[in-house]
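Descriptive structure summary
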Amino acid sequence: MEPDAGPDAEPLLFSARCAVCGLSGPAGPDAGATSRWMLAHLRSRPGHVSFREIITRPYRAVPDECR
Ligand SMILES: [Zn+2]
C-alpha cells in the first residue's frame, strides 16, 4: 500500500471538526482553507478552542512485481 499520487487518484482532502460541538468545515484540496474555517469558527464561538484536522488521503495497492 502506498499513497496514491497518480493522475487518476482521488483528491487529497483537508477538513476540520470542532472538538467542542462536533461541527465540521467543508472538505477540500486547500489545507489553508481548514485553518481559515477553524479561525472563523473560533470567532463565532469563542469557547470552541479545540479542533481535529481530518485528512482524506487516497491509497493504492501496488503489487511487489510492479516496483
Ligand atoms: Zn464548535
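Residues numbered from 1 in each chain as written. Predicted model: local features only at pLDDT ≥ 70, side-chain atom pairs only at ≥ 80, totals over all residues. Heavy atoms only, no water.

Description of the pattern of salt bridges
Close approach of charged atoms allows side chains of opposite charge to pair. Tallied over the entire structure, the rule returns three salt bridges. Across the salt bridge formed by D4 and R60, the nearest N and O atoms sit 2.8 Å from each other. Remark: R60 occurs in strand β4 (residues 59-60) and D4 occurs in the loop between β1 (2-3) and β2 (13-18); sequence separation between them is 56 residues. Judged by its relative accessible area of 39%, R60 is partly exposed. Notably, a salt bridge pairs R36 with D30, separated by 2.8 Å at the nearest N-O pair. Three or more residues are tied together by salt bridges with common partners; here these are D4, D8 and R60. (Salt bridge = Lys/Arg side-chain N within 4 Å of Asp/Glu carboxyl O. Helix = DSSP H or I, 4+ residues; strand = E, 2+ residues; numbered from the N terminus. Buried < 20%, exposed > 50% of the residue type's maximum accessible area, 1.4 Å probe, protein only.)

Here's the deal with the side chain of D4
By relative accessible area, D4 is classed as buried at 15%. Within the local environment of D4, its side chain forms a polar contact with the backbone nitrogen of G6, the two atoms lying 3.1 Å apart. Non-local contacts of D4, meaning those with residues more than four positions away in its chain, are made with A9, P58, Y59 and R60. (Polar contact = N/O pair within 3.5 Å; in protein donor to acceptor, adjacent residues only side chain to side chain. Contact = heavy atoms within 4.5 Å.)

Observations regarding the coordination of the zinc ion
Coordination of the zinc ion by the protein involves C18 (SG), C21 (SG), H41 (NE2) and H48 (ND1), with metal-donor separations of 2.0 to 2.4 Å. Around the zinc ion, the four donor atoms sit at angles spanning 104 to 115°, and that spread fits a shape best called tetrahedral. Written as a sequence motif, the donor residues of the zinc ion are C-x2-C-x19-H-x6-H. Separated by 20 residues along the polypeptide, C21 in the loop between β2 and α1 (31-44) and H41 in helix α1 bring together distant segments of the chain. (Donors = N, O, S within 2.8 Å, 3.2 Å for Na, K, Ca; no water. Tetrahedral: all angles 85-135°; square planar, octahedral: opposite > 155°, others 65-115°.)

Structural measurements only, silent on function.
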